[in-house]
Amino acid sequence: MSINLNTTIGGIALNSCIYNASGPKCTTKEELENIGKSFSAAILTKSSTLELREGNPSPRYYENDLGSINSMGLPNKGYQFYADLAKNMRQYNKPYFVSVAGLSLENNLTMLQDLSSVDAIDAIELNLSCPNVPGKPQTGYDFERTQHVLDKVCQFDQHTLGIKLPPYFDLIHFRQMAEIINQYPIKFVTCVNSIGNGLVIDIDQEQVVIKPKDGFGGIGGDYIKPTALANVRQFYLLLRDDIDIIGSGGAKTGSDVFEHILCGASAVQIGTQYMKEGTSCFERIEKELKNLMLQKNYTSIKDFQGKLQSIK
Ligand code: HRO
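Let me begin by describing the structure that accompanies this report.

About the criteria used
- The numbering scheme is per chain: residues are counted from 1 as the chain's sequence reads.
- The model is predicted, so local features are restricted to residues of pLDDT at least 70 and side-chain atom pairs to those at 80 or more, both for listing and for counting; the totals for chains, interfaces and linings are taken over all residues.
- Side-chain descriptors were evaluated using all non-hydrogen atoms of the structure, hydrogens and water having been removed beforehand.
- Helix axes are fitted to C-alpha atoms over the stretch in contact, other axes to C-alpha atoms as well, and angles between N-to-C directions run from 0 to 180 degrees.
- To qualify as a helix, a DSSP run of H or I must reach at least 4 residues; to qualify as a strand, a run of E must reach at least 2; elements of each kind are numbered from the N terminus.
- The labels follow the angle: roughly parallel below 35 degrees, roughly antiparallel above 145, roughly perpendicular from 65 to 115, and oblique for the rest.
- In this scheme the crossing of two helices becomes right-handed for a clockwise turn of the near helix relative to the far one and left-handed for an anticlockwise turn of less than a right angle.
- Note on definitions: a residue-residue contact is assigned when non-hydrogen atoms from the two residues lie within 4.5 Å.
- In this classification, Asp, Glu, Lys and Arg are treated as charged, Ala, Val, Leu, Ile, Met, Phe, Trp, Tyr, Cys and Pro as nonpolar, and every other residue, Gly included, as polar.
- Burial classification: accessible surface area is computed with a 1.4 Å probe over protein chains only, and a residue below 20% of its type maximum counts as buried, one above 50% as exposed, and the rest as partly exposed.
- Each pair of strands is called paired provided DSSP finds at least two bridges between the two strands.
- When the strands point away from the viewer and the path from the first strand over the helix to the second turns clockwise, the crossover is right-handed.
- Nearness is defined per residue: one heavy atom within 4 Å of the molecule or strand is enough.
- Polar contact is the term for a pair of N or O atoms within 3.5 Å; when the atoms are in protein, one must be able to donate a hydrogen and the other to accept it, and sequence-neighboring residues count only if both atoms are side-chain atoms.
- All accessible-area figures derive from a Shrake-Rupley calculation using a 1.4 Å probe, and residue coverage is judged against the displayed protein chains alone.
- Salt bridge, as used here, is a side-chain nitrogen of Lys or Arg placed within 4 Å of a carboxyl oxygen of Asp or Glu.
- Put simply, two rings from Phe, Tyr or Trp (the six-membered ring, in Trp's case) pair if the centres are within 6.5 Å, and we call them stacked under 30 degrees between planes, edge-to-face over 60, tilted for the rest.

The N-to-C vectors of helix α4 (residues 143-153) and helix α5 (residues 171-181) enclose an angle of 15°; their axes lie 10 Å apart at closest approach. By the angle between their axes, α4 is roughly parallel relative to α5. Note on packing geometry: the crossing formed by α4 with α5 is right-handed. Between α4 and α5, the contacting residues are F143, T146, Q147 and L150 on the first element and H173, Q176, M177 and I180 on the second. Counted by class, the contact of α4 with α5 contains 4 nonpolar, 4 polar and no charged residues.

Each regular strand displays side chains that alternate between the two surfaces of the sheet. Side-chain alternation along strand β10 (residues 188-191) places F188 and T190 on one buried face and V189 and C191 on a second face that is also buried. Note that strand β9 (residues 160-165) and β10 share 4 bridges and pair parallel. Each residue of the ladder has a partner; that of L165, found in β10, is C191. Crossover connection from β9 via α5 to parallel β10: handedness right-handed. Of the pairings in the sheet, the one linking β10 to strand β15 (residues 244-248) comprises 4 bridges and is parallel in character. If you follow V189 over to β15, its bridge partner there is I245.

The subject of this paragraph is the site of the ligand. The environment of the ligand is formed by K46, N70, M72, G73, L74, P75, N127, C130, P131, N132, N193 and S194. A distance of 2.7 Å separates an oxygen atom of the ligand from a polar atom in the side chain of S194. When the free accessible area of the ligand is taken as 310 Å², the share hidden by the protein chains comes to 92%. Looking at the shell around the ligand, its residues break down into 5 nonpolar, 6 polar and 1 charged.

Next up on the list: the pattern of salt bridges. Here the structure, examined in full by the defined rule, presents 10 salt bridges. Two residues, K252 and D222, come together in a salt bridge whose shortest N-O distance is 3.0 Å. On the criterion of sequence distance, the pair formed by K252 in the loop between β15 and α7 (254-263) and D222 in the loop between β14 (216-220) and α6 (225-238) is long-range, its members being 30 residues apart. Close ionic contact of R284 with E288 constitutes a salt bridge, the shortest N to O distance being 3.0 Å. With R284 and E288 both in helix α9 (residues 280-295), this residue pair falls 4 residues apart, about one helical turn.

All right, on to the packing of aromatic side chains then. Applying the stated rule across the entire model yields 12 aromatic pairs. Plain terms: the ring middles of Y19 and F97 are 5.8 Å apart, the flat faces sit at 70° to each other, and that makes the pair edge-to-face. Of the two residues, Y19 sits in strand β3 (residues 18-20) while F97 sits in strand β7 (residues 96-100), which places them 78 residues apart along the sequence. For Y19, a relative accessible area of 1% corresponds to the buried category. Its relative accessible area of 2% is what places F97 among the buried residues. Judged by centre distance (5.7 Å) and plane angle (75°), the ring pair of F174 and F235 falls under edge-to-face.

Below, the discussion takes up the environment of M111. Mapped onto the secondary structure, M111 falls in helix α3 (residues 105-115). With 63 residues separating them along the chain, M111 and S48 place their C-alpha atoms 9.0 Å apart. Setting aside residues no more than four positions away along its own chain, M111 makes contact with S48, T49, L50, Y79, V100, A101 and G102.

Going residue by residue along strand β6 (residues 67-70), you find G67 and I69 tucked away on one face and S68 and N70 tucked away on the opposite face as well. Where strand β5 (residues 61-64) lies against β6, 4 bridges are found, and the strand directions are antiparallel. Considered in β6, the bridge of E63 is made with S68. Counted between consecutive antiparallel strands, the loop separating β5 from β6 contains 2 residues.

All right, on to the packing of α7 against α9 then. Helices that pack against each other are described as a pair by the angle of their axes relative to one another and the distance between those axes. Axis separation between α7 and α9 bottoms out at 7 Å; the angle between their running directions is 65°. With respect to α9, the element α7 is oriented roughly perpendicular. Viewed along their axes, α7 and α9 form a crossing whose handedness is right-handed. Residues G254, S255, V257, F258 and I261 of α7 form the contact with α9, whose own contacting residues are I285, E288, L289 and L292. Across the contact of α7 with α9, the residue classes tally to 6 nonpolar, 2 polar and 1 charged.

Strand order across the open sheet formed by 4 strands is β5-β6-β14-β11, with antiparallel pairing between neighbours. Looking at strand neighbours, the two that pair on one side only are β5 and β11 (195-199), the edges of this open sheet. Direction aside, the axes of adjacent strands within the sheet are offset by 35° on average. Direction of pairing for β11 relative to β14: antiparallel, over a ladder of 3 bridges. Bridging from a neighbouring strand, I195 pairs with I219 of β14.

Given below as structure tokens:
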């Protein structure tokens, strides 16, 4: 039986539903080329700002068996670098997505406008949820602000636009955010960014494990899978049918990816596990997902996407 993992995101075709999350190992040219050569279905950049940033002081990333904590502080090469790389990325025959995380609305508008003239970029993932820049709250937790940002960024023609949201935890918040997003020509929503401002402790040292912000940082990996799945499910149910949901959070095996798709995801990003394992994770997870689909007699992700059942 032939199984294919083909999917589309905002009408863009991908030959598998698994690719890298913005953040880990997608900042430099070499890292992005490595993703290009791998089984990742797309190439997604580190969130970019108007100017190059060094980010927060180290240690700023830590992982254990359950996941990761980071307070990178948006280290990136500046959006022009990712625009200039776009043509070069064409050789890998997969979509090239640029993540944008301006430090102000004005910066976001400048970047989106400039990037709209770069043909070799397939889509923009606008990050409304970075938890780690001191003094800059996560836009996605401020509903009025989010509405204002979307009003402005949707005012001009541009690439396929998606947004990356922080995790929500209350049913009213899912509904309020969905109501806002449904008013705009957003093509995909990525759920979720890291759970912001968690704390991981080294008990021997009786100390925090990362330096910035006294140890507080974004949590990823196994710790956050149930939260990520809940967000994928809620937004799948609440958003317009033409908005694709991209799952991100705690996916490290084929069965994790299966769960995200069952909740409604059209594709699934790998973050913490890609950081731990490197680019070989994409081929391994793809194989595991295909094996699971074979056991279940599924030939395409459409056979089970969104079909999570309740208990009657
Ligand atoms: O660079 C970071 O500190 C960072 C960003 Cl931008 C983000 O969106 N999510 C995260 O966990 N870290």
